[in-house]
Amino acid sequence: MHQSQPQPRCEGAAMPDTAVRASRWADSSLSAIAAGFLAVLVSLAGPLAIFYQAAQAGNMSGEMFASWVWGISLGAAVAGIFLSWTLKAPVITAWSAPGTALLIPLFPALSIHEAVGAYLTAALLLLAIGLSGGFDRLMSHVPKGVASGMMAGILLPFGLNAFKGMATLPLLVCGMLAAYLLCKRLYPRYSVVLLLAAGIAIAMSTGQTHFAGIHLQLVTPQFITPAWSWSTTFSLALPLVLTTLSGQYLPGMAILRGAGYDVPVRKVVVVNSLASLAAAFAGGITIAIAAITAAMCTGRDAHEDPRRRYVAGIANGVFYLLAGLCGGSVVMLFAALPKELIVTLAGLALLGPIGVNLAQVAAAPEREAAVLTFLATASGMSFLGLGSAFWGILIGVVAHRVLRPATTA
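(A) Summary view of the overall build of the protein chain. Check the secondary structure of the protein chain and you find 20 helices and 2 strands. Expressed as a percentage of its 409 residues, the buried residues of the protein chain come to 52%. Within the protein chain, residue pairs in contact and separated by at least 24 positions form 85% of the contacts whose partners lie at least 6 positions apart.

(B) Structural detail: the packing of aromatic side chains. Overall, the coordinates contain 5 aromatic pairs when judged by the stated rule. Considering the side-chain rings of Trp68 and Phe107, the 6.4 Å spacing of their centres and the 25° angle between planes classify their relative orientation as stacked. One end of the pair, Trp68, is in helix 4 (residues 62-87); the other, Phe107, is in the loop between helix 6 (103-106) and helix 7 (112-132), and 39 residues separate them in sequence. Residue placement shows Lys88 over the ring face of Trp85; its charged tip is 4.8 Å from the ring centre.

(C) Summary view of unusual backbone geometry. Located in the positive-phi region is Lys88, a residue other than glycine, with phi close to 55°. As for its placement among the helices and strands, Lys88 is situated in the loop between helix 4 and strand 1 (93-95).

(D) Geometry of the packing of helix 4 against helix 13 (residues 265-280). Viewed as axis vectors pointing N to C, helix 4 and helix 13 meet at an angle of 155°, and their least axial separation amounts to 9 Å. Comparing their axes, helix 13 and helix 4 come out roughly antiparallel. The handedness of the crossing between helix 4 and helix 13 is right-handed. Each of Gly71, Gly75, Ala79, Phe82, Leu83, Thr86 and Leu87 in helix 4 lies in contact with helix 13, whose residues at this interface are Lys267, Val268, Val271, Asn272, Ala275 and Ala279. Counted by class, the contact of helix 4 with helix 13 contains 8 nonpolar, 4 polar and 1 charged residues.

(E) Molecular detail of the environment of Leu236. Turning to its location among the elements, Leu236 is positioned in helix 12 (residues 230-258). Separated by 117 residues in sequence, Leu236 and Tyr119 have C-alpha atoms that sit 8.2 Å apart. When near neighbours in sequence (up to four residues on either side) are disregarded, Leu236 contacts Leu102, Leu103, Leu106, Leu110, Ala115, Ala118 and Tyr119.

(F) Representation of helix 9 (residues 144-161) in the model. An ideal rise of 1.5 Å per residue puts 26 Å on 18 residues; helix 9 measures up with 26 Å between its terminal C-alpha atoms. At Leu155, helix 9 is deflected by roughly 30°, the largest bend along its length, and proline Pro157 occurs up to four residues later in sequence. Regarding helix 9, the residues found buried are Gly145, Val146, Ala147, Ser148, Gly149, Met150, Met151, Ala152, Gly153, Ile154, Leu155 and Gly159. Of the surrounding elements, those touching the buried residues of helix 9 are helix 12, helix 14 (294-297), helix 17 (339-349), helix 18 (351-363), helix 19 (367-378) and helix 20 (388-403).

(G) Summary view of the environment of Glu304. Checked against the element boundaries, Glu304 lands in the loop between helix 14 and helix 15 (310-325). Look at Glu304 and you get partly exposed, because its relative accessible area is 45%. For the pair Glu304 and Ser31, spaced 273 residues apart in sequence, the C-alpha to C-alpha distance is 9.5 Å.

(H) Geometry of the pattern of salt bridges. By the definition in use, this model includes 2 salt bridges. Its salt-bridge partner being Arg257, residue Asp262 comes within 3.7 Å of it at the nearest N-O pair. Classification of Asp262 as partly exposed rests on a relative accessible area of 48%. As a salt-bridge pair, Asp305 and Arg307 come within 3.2 Å of each other at their nearest N and O atoms. On the accessibility criterion, Asp305 (17% relative accessible area) is buried. A relative accessible area of 30% places Arg307 in the partly exposed class.

(I) The arrangement of the nonpolar core in detail. Ranked by size, the top nonpolar core spans 110 residues in total, and within it Trp68 and Tyr119 carry the most contacts. Top contributing element to this core by residue count: helix 12, with 11 residues.

(J) Quick look at a nonpolar patch on the surface. Side chains of Leu125, Trp230, Phe234 and Leu238 sit close together on the surface and give an oily, nonpolar patch of about 460 Å² of accessible area. For the nonpolar patch, the leading source of residues is helix 12, giving 3 residues. Mapped onto the secondary structure, Leu238 falls in helix 12.

(K) Structural context of the side chain of Thr233. With respect to the helices and strands, the residue Thr233 is situated in helix 12. Apart from residues lying up to four places away in sequence, Thr233 is in contact with Thr121, Leu238 and Pro239.

Definitions and cut-offs
Residues numbered from 1 in each chain as written. Predicted model: local features only at pLDDT ≥ 70, side-chain atom pairs only at ≥ 80, totals over all residues. Heavy atoms only, no water. Helix = DSSP H or I, 4+ residues; strand = E, 2+ residues; numbered from the N terminus. Buried < 20%, exposed > 50% of the residue type's maximum accessible area, 1.4 Å probe, protein only. Contact = heavy atoms within 4.5 Å. Phe/Tyr/Trp six-rings, centres within 6.5 Å; stacked < 30°, edge-to-face > 60°. Lys NZ or Arg CZ within 6 Å of the ring centre and 35° of its normal. Axes fitted to C-alpha atoms, helices over the stretch in contact; angles between N-to-C directions. Parallel < 35°, antiparallel > 145°, perpendicular 65-115°, else oblique. Left-handed = near helix turned anticlockwise from the far one by under 90°. Nonpolar A, V, L, I, M, F, W, Y, C, P; charged D, E, K, R; others polar. Expected span 1.5 Å × (residues − 1). Bend = angle between axes of the 7 residues up to and from the residue. Salt bridge = Lys/Arg side-chain N within 4 Å of Asp/Glu carboxyl O. Core = buried A, V, L, I, M, F, W, Y, C linked by side-chain atoms within 4.5 Å. Patch = residues over 30% accessible without salt bridge, like charges linked within 9 Å, V, L, I, M, F, W, Y side chains within 5 Å. Areas by Shrake-Rupley, 256 points an atom, 1.4 Å probe, with all protein chains shown as cover.

Any link to function would need more than the numbers given here.
Rendered as structure tokens:
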């Protein structure tokens, strides 16, 4: 009988070690492992491009960029595996993609040593926020409908982008769409991994892949001495904290709680902040809970049983670990696949979470506030250096306060 529990703090009679190992081995499934792999695939194929742009702006060497990939991958791996295993929830971790975008206009005037100093400052500030429990109080003031509106707004562009490749590679996109419908009809549990296989097969048959130049290349991490300054604290560290909280933790925790996982925010923030401190010395930017890719591992596509989806989080960490050790090869691998394949794969894989969040927006008691949140977030607006996820949730919460009935006690 399946014995695992959805909550991390279960108490009761102790099970023998062999029984615990057998139970956890039985929890594993191809669909959960595939979901974890897909989350890494999308993370490395999408946000990694922003990281690469930042490395180019800073005139970084290939070895230094590989060290960055090593730092962010291993930091996300260790934090994700530990949190998913101990909390029995699919806690997907990643580096701060919105925070990475902050680097591009700062380089090359900003040195890599100053950047690492700002990373450490941001990690310490996030650690203090996590230990204080302040983020828990913030989450308690966000209605579920508003959180769903923000999440739907974040995911919508990915769904729309799935069809934009039709202009450049129509055969690939049409083939993947047909494969998705067929697999969803016949093998819904494994539709995502089969879709990936179909996409690669179509791309190879049409000559859109470039695997010839790929070879195994392990990473030699570069230790970077940090340097602190007030200018980098205000121009990078503080904005990094704000974008990480609003663009990563806020939607990421909304996804987990919307899927029924009431994980303690304090533990998640503290563990990720400690991982960030270690990753920073190799050039790795802040590690946080994932938002976009988390939706791939918390739904039914990962597993029908919510209690067994934590395997997707562990698998995600293992694949991150492999990616970090072979950072140079990973960069070459994803460069060999057409961009349209990754974009289409991500959009179709997120179709389920998009539908669920839109349904929750429509059914929410605070529907008007939820719709405002959805529209503001989907607009991609940016103001005062903060992205649409922050402003969407702020607009939604304010609208909820203003529009709720005056008779509410």
